[in-house]
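# Summary of structural features
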Amino acid sequence: MDWLLLLRVLLALCLYAFLGLAFYGLWQGLRQNTRGAAAPHVHARLVCEQGLEAGRVVELYVISTVGRAANNTVVIADAFASAHHAMLQWRERAWWLEDLESHNGTYLNTECIAQPALLTSGDVIRIGETILRFEQNLPEQTGTQ
């Protein structure tokens, strides 16, 4: 009977030690994330150059979606666009374009993308027959030269 009680106590101690280490790891991860979150995102926009909405300018959120459905950030009236066609996202201190498994593909400049692709100012995005130009505002530089 004494061995059984000892094993139960040891098992309980191991469980509490494991939980303590797990919470410590989570706490450390949260601390690192709050330090890295200090860098604001670079503001960007899409300019519609060709399509039914040529001339339209849309400011982007940190995560913006493009497609025919009304719940997208950028709604395009294009019969060749999927309901949820592509996503633009600010991460790792850069803007990325990702195809959302659309039927007709998402093109960055002249290439159909299969993986998330890094965006730079002036890049051309083609979704169906709609052509969008990506523009980003560089953060203002402070200091003297």
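Here the structure is a predicted model, which is why all the values come from computation and not from measurement.

Here is what the cut-offs are and how they apply
- Residues numbered from 1 in each chain as written.
- Predicted model: local features only at pLDDT ≥ 70, side-chain atom pairs only at ≥ 80, totals over all residues.
- Heavy atoms only, no water.
- Helix = DSSP H or I, 4+ residues; strand = E, 2+ residues; numbered from the N terminus.
- Contact = heavy atoms within 4.5 Å.
- Areas by Shrake-Rupley, 256 points an atom, 1.4 Å probe, with all protein chains shown as cover.
- Pairing = 2+ DSSP bridges.
- Patch = residues over 30% accessible without salt bridge, like charges linked within 9 Å, V, L, I, M, F, W, Y side chains within 5 Å.
- Salt bridge = Lys/Arg side-chain N within 4 Å of Asp/Glu carboxyl O.
- Polar contact = N/O pair within 3.5 Å; in protein donor to acceptor, adjacent residues only side chain to side chain.
- Core = buried A, V, L, I, M, F, W, Y, C linked by side-chain atoms within 4.5 Å.
- Buried < 20%, exposed > 50% of the residue type's maximum accessible area, 1.4 Å probe, protein only.

### Looking at the overall build of the chain
Along its length, the chain carries one helix and eleven strands. Element order for the chain, N to C, with α for helix and β for strand: α-β-β-β-β-β-β-β-β-β-β-β. At a minimum sequence separation of 6, the contacts of the chain that also span at least 24 residues come to 36%. As displayed, the chain offers around 10200 Å² of accessible surface, 60% of which is attributable to carbon and sulfur atoms.

### Regarding the sheet that holds strand E10 (residues 124-127)
Taken together, the six strands give an open sheet; going across it, the order is E2-E1-E11-E10-E7-E8, and neighbouring strands pair in antiparallel fashion. Every interior strand has two partners, whereas the edge strands, strand E2 (57-59) and strand E8 (111-112), have only one. Note: strand E7 (residues 106-108) against E8, two bridges, orientation antiparallel. Across the sheet, tyrosine 107 pairs through a bridge with cysteine 112, a residue of E8.

### What about the pairing of strand E1 (residues 44-50)?
Pairing between E1 and strand E11 (residues 130-136): six bridges, direction antiparallel. Its bridge partner being in E11, glutamine 50 is matched across the sheet by isoleucine 131. Summarising the sheet, E1 and E2 pair through three bridges and their orientation is antiparallel. Opposite leucine 46, over in E2, you have valine 58 as the bridge partner.

### Examining a nonpolar patch on the surface
Side chains of Trp3, Leu5, Leu6, Leu7, Val9, Leu10 and Leu13 sit close together on the surface and give an oily, nonpolar patch of about 760 Å² of accessible area. Within the element layout of this structure, tryptophan 3 appears in helix H1 (residues 2-36).

### Focus: the side chain of serine 64
Along the chain, the position of serine 64 falls in strand E3 (residues 63-67). Engagement of the side chain of serine 64 in a polar contact is seen with the backbone nitrogen of tyrosine 61, the distance being 2.8 Å.

### Some words on the sheet that holds strand E5 (residues 86-91)
With mixed pairing, five strands are arranged side by side in an open sheet as E4-E3-E5-E6-E9. The strands lining the two open edges of the sheet, one partner per strand, are strand E4 (74-75) and strand E9 (117-118).

### Focus: the nonpolar core
Core analysis: the largest hydrophobic core is formed by 23 residues, its most contacted members being Leu46, Leu88, Ile125 and Phe134. Once residues within four sequence positions are removed from consideration, phenylalanine 134 is found in contact with Ala44, Arg45, Leu46, Leu60, Leu88, Trp95, Leu119, Thr120, Ser121, Gly122, Asp123 and Ile125.

### Overview of the side chain of histidine 85
Within the secondary structure, histidine 85 sits in the loop between E4 and E5. The buried category is assigned to histidine 85, whose relative accessible area is 0%. Reaching out from histidine 85, the side chain makes a polar contact with the side chain of threonine 106 at a distance of 3.4 Å. Ignoring any residue separated from it by four or fewer positions in sequence, one finds histidine 85 in contact with Val66, Gly67, Phe80, Asp99, Leu100, Ser102, Gly105, Thr106 and Ile127.

### Describing unusual backbone geometry
Negative phi is the rule for most residues except glycine; trans is the rule for most peptide bonds. Phi is positive for arginine 93, close to 60 degrees, though the residue is something other than glycine. Mapped onto the elements of the fold, arginine 93 is located in the loop between E5 and strand E6 (94-99). Located in the positive-phi region is glutamate 101, a residue other than glycine, with phi close to 55 degrees. With respect to the helices and strands, the residue glutamate 101 is situated in the loop between E6 and E7. The exposed category is assigned to glutamate 101, whose relative accessible area is 76%.

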